[in-house]
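Structural description and commentary
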Amino acid sequence: MKKFFVSAVVLLALASSVLPGCGSMGGSQGSNVLGSILGALGNENTVTSVADLVIGAIKIDQSQLVGTWKYAAPGCAFTSENLLAKAGGAAVAAQIKTKLEPTYKQVGINSSNTYFTFTQDGNFQAKINGIPWNGTYTYDAASGTLKMKSLLLSSTAFITRTTKGLSLNFESKKLLTLLQAVSSLSGNSSLETIGELSKNYDGVRLGFDMSK
């Protein structure tokens with residue numbers, strides 16, 4: 001019931017506010033934006049709890065992280081609830097994921113070739129588009145910060161909970177580095193979507209929704 005109430009409040013707030021780059025929501029423009037919001041709310045990538053979209057809002061301990069996680073969908077999270085609210089809430093987060101999906105498909109990322117395995121002793125094995133990435137990790141449950149290190153590549157990710165598992169997200173530059181490293185299309189213009197999204201929304205982190 002609480003989740004339904006939060007979603008309803010977000011929808012009402014969005015219907016009477018200004019989305020980035022949309023101007024005021026009057027007349028047919030308001031109807032178009034509201035239709036877009038309703039479409040996003042029906043999208044399978046929509047997260048029903050606002051807390052699921054804020055890094056550190058829901059604590060996930062290391063024992064919950066341990067295991068193998070397969071790519072399920074594009075991921076998105078924000079560094080604070082305030083920045084999420086400014087961006088437009090859960091509906092806009094769903095739209096961000098939808099915009100990322102064609103980029104991931106073009107790179108070749110899917111559930112059969114992209115996964116992360118974390119062990120209790122601090123090691124990880126991963127593949128992104130079938131390209132292996134192995135090393136060690138440290139995890140700070142209080143902040144949801146995951147630091148992964150290997151001989152060739154190190155990166156920091158941010159863990160949030162989702163309805164189907166967890167989301168592993170990166171700063172946009174780090175995500176670009178990862179995708180360029182595994183993609184033969186490193187100059188592909190579709191990757192620019194990641195940079196554009198990070199410019200348009202303060203505090204956004206982008207990555208992968210994972211299921212166990």
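Per chain, the residues get numbers from 1 upward, laid out in the order the sequence is written. Owing to the predicted nature of the model, reporting of local features is limited to residues with pLDDT of at least 70; listing and counting of side-chain atom pairs is limited to 80 or more, with chain, interface and lining totals taken over all residues. Calculated side-chain values reflect all of the structure's heavy atoms, with hydrogen atoms and water omitted.

1. Comments concerning the side chain of S172
- The numbering of helices and of strands both runs from the N terminus, where a helix is a DSSP run of H or I of at least 4 residues and a strand a run of E of at least 2. Along the chain, the position of S172 falls in helix α6 (residues 172–182).
- Overall, the relative accessible area of 14% leaves S172 in the buried class.
- In this structure S172 touches I194 and S198, once residues within four positions along its chain are discounted. Think of it in three bands: with a 1.4 Å probe and only protein chains considered, a residue is buried below 20% of the maximum accessible area for its type, exposed above 50%, and partly exposed in between. Between two residues, a contact is recorded if the distance between any of their heavy atoms is within 4.5 Å.

2. What to know about the sheet that holds strand β7 (residues 165–170)
- A strand pair is defined by DSSP finding two or more bridges across the two strands. Ordered in space as β1-β2-β3-β4-β5-β6-β7-β8, the 8 strands form a closed barrel in which the pairing is antiparallel. Averaged over all adjacent pairs, the angle separating strand axes in this sheet is 35 degrees, with direction ignored.
- Across the sheet, helix α5 (residues 90–107) touches β1 (67–78) and β8 (204–211), and the angle it forms with β1 is around 125 degrees. Each axis is a line fitted through C-alpha atoms, and for a helix only the stretch in contact is used; angles between axes span 0 to 180 degrees, taken between their N-to-C directions.

3. Details of helix α7 (residues 192–200)
- When α7 is considered as a whole, its buried residues turn out to be I194, G195 and L197. Buried positions in α7, seen along its axis, are confined to an arc of 160 degrees and lie on one side of it. Facing away from the buried side of α7 by more than 90 degrees, the exposed set consists of E192 and K199. Each direction from the helix axis to a C-beta atom contributes to the arc, which is the arc of those directions.

4. What to know about unusual backbone geometry
- Positive phi, normally seen in glycine, also occurs at N129, with a value near 55 degrees.
- Its place among the elements puts N129 in the loop between β3 (123–128) and β4 (131–140).

5. Brief notes about α5
- Helices are assigned an expected span. That span is 1.5 Å times one less than the residue count. Its 18 residues give α5 an end-to-end C-alpha distance of 26 Å, which sits within 8% of 26 Å, the value for a rise of 1.5 Å per residue.
- When the local axis directions of α5 are compared, the greatest deviation, roughly 25 degrees, occurs at L100, which is followed within four positions by the proline P102.
- When we look at burial in α5, the residues that qualify are A90, A91, V92, A93, A94, Q95, I96, K97, L100, T103, Y104 and V107.
- Within two residues after α5, G108 carries a phi angle of roughly 110 degrees, on the positive side. The bend at a residue is defined as the angle formed between two axes, one fitted to the seven residues ending at that residue and one fitted to the seven starting there.

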